Amino acid sequence: MKEPYYITTAIAYTSGKPHIGNTYEIVLADSIARFKRMEGYDVFFQTGTDEHGQKIEQKAAEKGVTPKEFVDDIAGQIRKIWDLMNTSYDKFIRTTDTDHEKQVQKIFKKLYDKGDIYKGSYEGMYCTPCESFWTESQLVDGKCPDCGREVKPAKEEAYFFKMSKYADRLIEHINTHPEFIQPVSRKNEMMNNFLLPGLQDLCVSRTSFKWGIPVDFDDKHVIYVWIDALSNYITGIGYDCDGNSTEQFNKLWPADLHLIGKDILRFHTIYWPIMLMALDVPLPKQIFGHPWLLQTDSSATNGEGVKMSKSRGNVLYADDLVDFFGVDAVRYFVLHEMPFDNDGVISWELMVERMNSDLANTLGNLVNRTISMSNKYFGGVVNNTGAKEEVDDDLVQVAVSTAERVAAKMKNLRVADAISEIFVLFKRCNKYIDETMPWALAKDESKQDRLATVLYNLVEGISIGATLLEPFMPETSAKILAQLNAAKRSYEECKEFGKYVSGTKVTETPEILFARLDVKEVMEKVAVLQEAQKAEAAKEAGEPEAAKEEETVIDIEAKPEISYDDFAKLQFQVGEIIACEEVKKSKKLLCSQVKIGSQVKQIVSGIKAHYTAEEMVGKKVMVLVNLKPATLAGVVSEGMLLCAENENGELALMTPEKPMPAGAEIG
């Protein structure tokens, strides 16, 4: 019986069409699932959509549709892109599925009956425009830290989960299971920033909106995202908290791998395990927080890239990239260019470069040359005549060892490195052509047997490489094997040289796998696409044509003088924003990951009304580095981004006039 392997992605939030950074995760998970199937596992691969919440309710109202109509449309778009990218998921779960909603209500009730969930209230200073509670210490000059408006004492009823009850048990589990959170840097972050300082009880219900799963014993409350969305990993395979779970659940759980973005690591490595502990359900075996695929544009004049945003027209979507390059080229790029634990970068120009060098030249040209020579010299028939020479040994050794080298990388989730190992084989085949010079052998009648063996060795090496390529580039793998008239091998068969049946005939006319592209032509088409994106963004925002503004002089009230010693205590440096996202609990806050020298700081800023998260990425900004960390809307902030403000309350980030490296001192 095959050993089961259960892998999941985070479920995509149905607020809009996913960009290529979102799509990367599903392709990454698919490559792991496919490779595990190749190794002989009985794989179950689950993905889906997270469809409840206030943001959905608001967006639906703006569109003039019901929340269900809105999420049906977006979930359809997400699934269409997942299918376009040829991902082999076994189940697509939606949190609006009736069976999921029923189980979530039962889970909530069970935790409530157990005493792990209790009714309480938010209490503090309330900002009506932001719909946010703040403690006295979080206020700035007595006002809302998000928008600067007046706040008033207020109280809102909510249910809370007793996180601290299980904190010590989770810490012990993490310490005794070093593989539980990967990479190690993510584990250290969760331990040092959240678990060891002490956990606060978690709000798990809301009353300020209705689009959610009702608490069935208190229907003015809806169950908040932490229990609703996270539970999909067990409800999707048949969990029932009454003890009537399906055979599938008993077979698959605990999950072998939760694959998620590093930005939602806390929810999956702290909230989710504690929920499972409270339910007396085993914890997943491993949670991998993958890095981000940053959407930067390498055409910037300073060579350091510029931020991407819909309003600029340069957000990258999977379907647009597929139109230019094809599905497998996009899969290759997002998998191969993403480091194990550092963020990757994508751009149109880099895509063209990889298309031309790795795919068209290294791989496509190798297959084309080999088939063409087989047809030219032997009418397409590939024979192993046994005319071996010493030069063959290294090719054979590389070919038969590739499978284990790929497996070793995949075991540690180093997918980019696994692909590189396969391309080492393809490059070795190209080198073998240069070493053996088939065109020279063809001129010598006495060398015909040797020529036949050389071509056989090439076809055999390519066949092994093409089989191992299947998890990463399934269509390309199938095309290569079809042109060689070769059978797809098992993982174990990839360790043997000589499985290709001697006397087999290759295709008469080899198909061009990847056509070389002219970067200038591509960028001309991209410019048209970007203009269309800008127009669409402007239309959605209802923006009027920009009007000229007169220069304005602003006088502000002077603050008390400080000494030079006071000023010297402040440390200002240039920071580069490498990632940014909206803070879910706030209408005004953005959370930026800011590179300052060799370190990265997380900084929360109340500038969502002035910048989108996409616009922030790539900016060089002025940072107050040594500000004492503070918690805003439940998110730790480790510094401050400096901004200027005009008479209309509009903010502009302070940026260096000339190109400056991240970490440059300001003084």
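To start, this report covers the structure provided alongside it. (Residues numbered from 1 in each chain as written. Predicted model: local features only at pLDDT ≥ 70, side-chain atom pairs only at ≥ 80, totals over all residues. Heavy atoms only, no water.)

Our next topic: the overall build of the protein chain. Broken down by element type, the protein chain carries 21 helices and 28 strands. With the C-alpha coordinates aligned to their principal axes, the bounding extent of the protein chain is approximately 95 × 65 × 50 Å. Each of the 667 residues in the protein chain was classed as buried or not, and the buried ones make up 53%. Considering only residue pairs separated by 6 or more positions, the protein chain has 74% of its internal contacts joining residues 24 or more positions apart. Summing over all exposed atoms, the protein chain offers an accessible surface of approximately 30,700 Å²; the carbon and sulfur share of this is 49%. Charged side chains of the protein chain number 78 positive and 102 negative; the gap between the two group centres comes to 2 Å. (Helix = DSSP H or I, 4+ residues; strand = E, 2+ residues; numbered from the N terminus. Buried < 20%, exposed > 50% of the residue type's maximum accessible area, 1.4 Å probe, protein only. Contact = heavy atoms within 4.5 Å. Areas by Shrake-Rupley, 256 points an atom, 1.4 Å probe, with all protein chains shown as cover. Lys, Arg positive; Asp, Glu negative; His and termini not counted. Charge placed at Lys NZ, Arg CZ, Asp CG, Glu CD.)

Counted according to the given criterion, the structure contains 36 salt bridges. Taken together, the shared-partner salt bridges connect D30, R34, R331, E470 and K488 into one network. (Salt bridge = Lys/Arg side-chain N within 4 Å of Asp/Glu carboxyl O.)

Quick look at the pairing of strand β21 (residues 599-605) now. Most of β21 is tucked away: 5 of the 7 residues are buried. Two strands pair when backbone bridges link them, and strand β20 (residues 590-596) and β21 are joined in this way by 7 bridges, in the antiparallel orientation. Across the sheet, residue Q593 finds its bridge partner in β21, namely Q602. Linking β20 to β21, which pair antiparallel, is a turn of 2 residues; within it G597 sits at a positive phi near 65 degrees. (Pairing = 2+ DSSP bridges.)

A few words now on the sheet that holds strand β11 (residues 213-214). Sheets are built from strands that pair by backbone hydrogen bonding, the pairs being arranged parallel or antiparallel. Strand order in the open sheet formed by 3 strands is β10-β12-β11, and the pairing between neighbours is antiparallel. The open sheet has two edge strands, β10 (205-206) and β11, and neither has a second partner. Sheet topology places β10 next to strand β12 (residues 222-223); 2 bridges connect them, and they run antiparallel. If you follow R206 over to β12, its bridge partner there is V222.

So, on to the packing of helix α5 (residues 167-176) against helix α10 (residues 265-278). Contact geometry for α5 and α10: axes closest at 10 Å, N-to-C directions at 110 degrees. Relative to α10, the element α5 is oriented roughly perpendicular. When the axes of α5 and α10 are compared, the crossing they make is right-handed. In this structure, α5 contributes R169, L170 and H173 to the contact, and α10 contributes T269, I270, P273, I274 and M277. Among the residues making up the contact of α5 with α10, the classes are represented as 5 nonpolar, 2 polar and 1 charged. (Axes fitted to C-alpha atoms, helices over the stretch in contact; angles between N-to-C directions. Parallel < 35°, antiparallel > 145°, perpendicular 65-115°, else oblique. Left-handed = near helix turned anticlockwise from the far one by under 90°. Nonpolar A, V, L, I, M, F, W, Y, C, P; charged D, E, K, R; others polar.)

Bringing helix α17 (residues 448-469) into the picture now. With 22 residues, α17 should cover 32 Å at 1.5 Å per step; its first-to-last C-alpha distance of 31 Å lies within 8% of that length. With 21 of 22 residues buried, α17 lies mostly within the body of the structure. (Expected span 1.5 Å × (residues − 1).)

What follows is about the side chain of T476. Tracing the chain through its elements places T476 in helix α18 (residues 474-484). Judged by relative accessible area, T476 falls into the buried class, the value being 4%. Beyond its immediate chain neighbours, meaning those up to four positions away, T476 contacts D328, L363, L469 and F514.

Let us look at unusual backbone geometry. Here the residue pair Q182 and P183 is connected by a cis peptide bond, since its omega of -10 degrees sits within 30 degrees of zero. Positionally, P183 belongs in the loop between β8 (181-182) and α6 (184-195). Cis peptide bonds are those with omega within 30 degrees of zero, and the linkage from W253 to P254 qualifies with 10 degrees. Mapped onto the secondary structure, P254 falls in the loop between α9 (247-252) and β13 (257-261). In this model, N86 sits at a positive phi of 60 degrees, which is unusual for a non-glycine residue. If you trace the backbone, N86 turns up in the loop between α3 (67-84) and β4 (91-94).

Tallying each qualifying case throughout the model produces 25 aromatic pairs. Between F324 and F325, the ring centres sit 6.1 Å apart and the planes meet at 40 degrees, which makes this aromatic pair tilted. Linked through ring pairs, Y6, F44, Y233, Y239, F249, W253 and W272 together constitute an aromatic cluster. Against the face of F217 rests K109, its NZ or CZ located 5.8 Å from the ring centre. The ring centre of Y224 lies 5.2 Å from the NZ or CZ of R206, which sits over that ring. (Phe/Tyr/Trp six-rings, centres within 6.5 Å; stacked < 30°, edge-to-face > 60°. Lys NZ or Arg CZ within 6 Å of the ring centre and 35° of its normal.)

The subject of this paragraph is a nonpolar patch on the surface. Together, I562, F567 and L570 make up an exposed nonpolar region whose accessible area comes to about 280 Å². When you line up the elements, L570 lands in the loop between α20 (564-568) and β19 (572-582). Taking relative accessible area as the criterion, L570 reaches 38% and is therefore assigned partly exposed. (Patch = residues over 30% accessible without salt bridge, like charges linked within 9 Å, V, L, I, M, F, W, Y side chains within 5 Å.)

This part covers α6. If you check α6, its first and last C-alpha atoms are 15 Å apart, about what 12 residues at 1.5 Å a residue would give, namely 16 Å. For α6, the full list of buried residues reads R186, M190, M191, F194 and L195. The buried side chains of α6 occupy one side of the element, clustering within an arc of 130 degrees when seen end-on. Buried residues along α6 sit against α5, β8, α10 and β14 (287-290). (Arc of directions from axis to C-beta.)

Another point: the state of the cysteines. Inspection of every chain in the model, using the stated rule, returns 0 disulfides. For the unlinked cysteine C591, the closest cysteine sulfur is that of C580, found at 7.2 Å. (Disulfide = S-S within 2.5 Å.)

Now for the environment of L257. Residue position: L257 is located in strand β13. Excluding residues within four positions of it along the chain, L257 makes contact with Y5, Y6, I7, T8, I32, Q286, F288 and L413.

Here the focus is the packing of helix α12 (residues 327-336) against helix α15 (residues 415-436). It is at 8 Å that the axes of α12 and α15 come closest, and there the two elements cross at 120 degrees. Considering the angle they form, α12 stands oblique to α15. Facing α12, whose interface residues are Y332, L335 and H336, α15 presents V415, A416, I419, S420 and F423. Residue classes in the contact of α12 with α15 are distributed as 6 nonpolar, 2 polar and no charged.

Looking at the secondary structure, you find S205 in strand β10. In terms of polar contacts, S205 uses its side chain to reach the backbone amide nitrogen of Y159, at 2.9 Å. A polar contact of 2.9 Å, which involves the side chain of S205, links it to the side chain of H221. Residues contacting S205, with those up to four places away along its chain left out, are A158, Y159, H221, V222 and Y224. (Polar contact = N/O pair within 3.5 Å; in protein donor to acceptor, adjacent residues only side chain to side chain.)

Interpretation in functional terms is not warranted from these geometric data alone.
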